[in-house]
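If you want the building blocks of each chain, they are given just below.
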Amino acid sequence: MDGRDISSIVSSTQAYYDGPADEIYRTIWGDNLHLGVPCSDDCSHPEAMEHTNEIMAGAVTLGPDTRVLDLGCGYGSTARYLAANFGCHVTGTNISEKELDLARQRASEAGLSHLLSFEYGDFHSLGYSEGAYDVVWSQEAFLHAADKNAVLSECRRVLQPGGSLIFTDVLVRRDTPAEDRERIYDRVKSPDMWDIDDYRSALAGLDLPVSREEDWSEHVARSYGWVRDRLGENREALLPRIGAETIDRTLEALSFWVNSANAGYIGWAMFVASKPA
């Protein structure tokens, strides 16, 4: 894939997140835009998202001297969590200026601006020097990548030797019918979504040994079902801002994602890999 294709996909992804999705996410999801691993059977989705952060943070070494790069940082919720709980310095990158603006505002309100910086950044080509970070972190962002091998290669480059790459991503299983696959891609404007084996192969090929892998696919339908239901409950409040057509189209797409997850077509996994010392 050449630079023009990547640029086009980045632009369409940016338009997606700066468009009606921004209104929906702020109203429904809040500042944390991720899936969740439930802490119990009656765990709410916001609690499940926090639990996911706790699991991931426990899988890497974090402290006041840790330099973290958060790729696809959204509204900066995870970056704030890491700074507040571990004192680490976090650089959050994103292609949505709306999300970056709110991330900076929230960091200031939380008194964490001295530990956090938020910058525009395309993860296909990171503007940081080799070995600049101890941890590269990402949650459900790589699915938007036009060239996932290039993204993972950039992650490796900016890690210092011995540093950790930790990420989660939404997966589309290999046996997903082509028609369903295209509908899944269309909702998030993704050019391509990988399965677990694709990530295993790519990480091995880049000499990024995996120390931990967890398949969290069983929680996908629960997460997106919660988003769909909250969107339905907030339909009237959102109508003046984004209109009935956008809301109803999103509700239909979310229902399709829930059904696809229940059918075993959409998955979710966490990987922890390291750059050899």
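Structure first, text after, so check above.
Residues numbered from 1 in each chain as written. Predicted model: local features only at pLDDT ≥ 70, side-chain atom pairs only at ≥ 80, totals over all residues. Heavy atoms only, no water.

### Re the nonpolar core
Turning to step 1, where the next piece is worked out: Core analysis: the biggest nonpolar cluster contains 61 residues, and Leu82, Trp137, Met193, Tyr224 and Trp257 have the highest contact counts within it.
Turning to step 2, where the next piece is worked out: Of the residues forming this core, the biggest block, 7 residues, is contributed by helix H11 (residues 244-262).
Turning to step 3, where the next piece is worked out: Beyond its immediate stretch of four places on either side in the chain, Met193 contacts Leu143, Lys148, Val170, Val172, Arg181, Ile184, Tyr185, Val188 and Trp257.
Turning to step 4, where the next piece is worked out: Among the nonpolar cores identified, the runner-up in size contains 28 residues, and Tyr128, Leu159, Ala202 and Ala269 belong to it. (Core = buried A, V, L, I, M, F, W, Y, C linked by side-chain atoms within 4.5 Å. Buried < 20%, exposed > 50% of the residue type's maximum accessible area, 1.4 Å probe, protein only. Helix = DSSP H or I, 4+ residues; strand = E, 2+ residues; numbered from the N terminus. Contact = heavy atoms within 4.5 Å.)

### A look at the pairing of strand E7 (residues 266-274)
Turning to step 1, where the next piece is worked out: Counted residue by residue, E7 has 8 buried out of 9 residues, so it is predominantly covered.
Turning to step 2, where the next piece is worked out: Relative to E7, strand E5 (residues 159-172) runs antiparallel, the two sharing 9 bridges. Residue pairing for E7: Ile166 is matched across the bridge by Val272.
Turning to step 3, where the next piece is worked out: With 5 bridges connecting them, strand E6 (residues 210-215) and E7 associate as antiparallel partners. Directly across from Asp215, in E7, lies its bridge partner Ala269. (Pairing = 2+ DSSP bridges.)

### Quick look at the environment of Trp29
Turning to step 1, where the next piece is worked out: Mapped onto the elements of the fold, Trp29 is located in helix H2 (residues 20-29).
Turning to step 2, where the next piece is worked out: Classification of Trp29 by relative accessible area gives buried; the value is 7%.
Turning to step 3, where the next piece is worked out: Here the alpha-carbon distance between Trp29 and Pro46, two residues 17 residues apart in the chain, equals 8.2 Å.
Turning to step 4, where the next piece is worked out: In this view, Trp29 contacts Ile24, His34, His45, Met49, Tyr224, Trp226 and Val227; residues no more than four positions away in its chain are not counted.
Turning to step 5, where the next piece is worked out: At 3.2 Å, the side chain of Trp29 and the backbone oxygen of His34 are in polar contact.
Turning to step 6, where the next piece is worked out: Reaching out from Trp29, the side chain makes a polar contact with the side chain of His45 at a distance of 3.4 Å. (Polar contact = N/O pair within 3.5 Å; in protein donor to acceptor, adjacent residues only side chain to side chain.)

### Considerations on the environment of Asp147
Turning to step 1, where the next piece is worked out: Mapped onto the elements, Asp147 comes out in the loop between strand E4 (133-139) and helix H6 (148-158).
Turning to step 2, where the next piece is worked out: Ignoring anything within four residues of it in the chain, the contact list for Asp147 reads Ile6 and His124.
Turning to step 3, where the next piece is worked out: Side-chain polar atoms of Asp147 contact the backbone nitrogen of Asn149, separated by 3.3 Å.

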